[in-house]
Amino acid sequence: MKVADFETVEVRTDLLIVGGGMAACGAAVEAAYWAKKHNLTVTLVDKAAVDRSGAVAMGLSAINQYVGLKDGENTLEDYVRYVKNDLMGITREDLVANIARHVDSSVHLFEKWGLPIWTDEEGKYVHEGRWQLMINGESYKVVVAEAAKNAIGLDNIYERIFIVGPLMEGNRCAGAIGFSVRENKFYVFKAKATLVAMGGAVHVFKPRSSGEGLGRAWYPPWNSGSSAYFTIQAGAEMTCQEVRFIPVRFKDAYGPVGAWFLLFKSRRRTHSVRTTWRPAGLSWRTGSLMERSNRFRPTSAIT
Ligand SMILES: Cc1cc2nc3c(=O)[nH]c(=O)nc-3n(C[C@H](O)[C@H](O)[C@H](O)COP(=O)(O)OP(=O)(O)OC[C@H]3O[C@@H](n4cnc5c(N)ncnc54)[C@H](O)[C@@H]3O)c2cc1C
């Protein structure tokens, strides 16, 4: 296949959202609200299928940040203090506070769109830890993607197009350039404004793991730093880049996620439950553990 055989498709839009993960879908919903009032077009492009793309592709079993302002569980100051302490003081407190003051309403939106959040007998959210809510999140991404699709319309969503970099007009970012991963097509997106949300960067540093463990990562390896590359190329200011999350790995598990951690948690949460069921072919011990985790964590997703 020669490059000459590729068709070039040009797409013009007012706001281009690059990426179709959680942040991008949320941005699409919010942007559509304002765009409709001003008759503007919002377009979203992702290298995968938005229903199951990004870090939430497989679903999640918890929401890691809920402040609980509505019920007076915590204050914004509490949250900022927690983050500052956790990151040993290296924080932009204004940014943390800004996220914290909006996050609860995002969670309420997820629930409105159909995400099942665990509640107790009094109808209050079930926490695991001070800031975390438990969910049945197998379809978390599908739920959020549906909201984005409804907001900006299917015709404005471009899937399976890998974005390679910004389209620059002098110092101004005027859109993005990419190619289809399924068809012989190049794409040129021309936009008045561009918002980039292509996830984090995995394997930036060489892991300490060796042999078979070398390529393993907690975060999805398909988040390969496109956001950082794109924004650096476009001349954007980078902030908070000094914070890196490096999960602990020991034996067959990566902290704080994965099947082993679910097992530990399920044992801890359910130590007093009597076991009455076991799947055929499994030992009594294994069956009982599975039953416990099924009873209390009715989700196959991982956190
Ligand atoms: C195993 C695991 C468990 C987690 N558990 C929890 C949890 O329980 N609770 C919680 O709150 N959070 C959890 N998280 C974190 C949460 O999933 C992420 O913080 C969140 O998904 C980040 O959203 P994002 O939009 O920034 O990135 P993503 O959701 O990863 O989206 C990035 C998008 O950009 C697209 N993209 C990337 N590169 C390109 C390119 N070059 N061209 C076009 N498109 C591109 C990708 O296809 C993807 O759709 C977990 C993450 C993992 C990996």
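Please read these numbers as outputs of a predicted model, since none were measured by experiment.

Undergrad: What am I meant to see in the nonpolar core here?
TA: Nonpolar side chains tend to gather and get buried jointly when the protein is soluble and globular. The biggest cluster of nonpolar side chains holds 50 residues, and the ones touching the most others in it are I17, V18, A28 and A148. The biggest single contributor to this core is helix α1 (residues 22-37), with eight residues. In this structure, this core is formed jointly by two domains, domain 1 (1-58 + 138-205 + 219-246) and domain 2 (60-137), each of which donates at least three residues. Leave out the neighbours within four places in its chain, and A28 touches I17, V42, L44, A148, A151 and I152.

Undergrad: Got a minute to help me understand the environment of L154 in this structure?
TA: Along the chain, L154 falls in the loop between α4 (140-152) and β5 (157-158). It is 9.5 Å that separates the C-alpha atoms of L154 and T43, two residues lying 111 residues apart in sequence.

Undergrad: Before we go on, may I ask you to explain the pairing of strand β8 (residues 185-196) in this structure?
TA: Regular strands have side chains that alternate between both faces of the sheet. In this sheet, β8 lies alongside strand β1 (residues 7-18) in parallel orientation, the contact comprising eleven bridges. Bridged to R12 within β8 is K190. The pairing of strand β7 (residues 172-180) with β8 spans five bridges and is classified as antiparallel. Within the sheet, the bridge partner assigned to I177 lies in β8 and is V188. Turn length for the β7-β8 hairpin, with the two strands adjacent in sequence and antiparallel, is four residues.

Calculation notes
Residues numbered from 1 in each chain as written. Predicted model: local features only at pLDDT ≥ 70, side-chain atom pairs only at ≥ 80, totals over all residues. Core = buried A, V, L, I, M, F, W, Y, C linked by C-beta atoms within 7 Å. Buried ≥ 20, exposed ≤ 12 C-beta atoms within 10 Å, placed from the backbone. Helix = DSSP H or I, 4+ residues; strand = E, 2+ residues; numbered from the N terminus. Domains from an automatic or database assignment. Contact = placed C-beta atoms within 7 Å. Pairing = 2+ DSSP bridges.

From the geometry alone we can't say anything about function, so treat these as descriptive.
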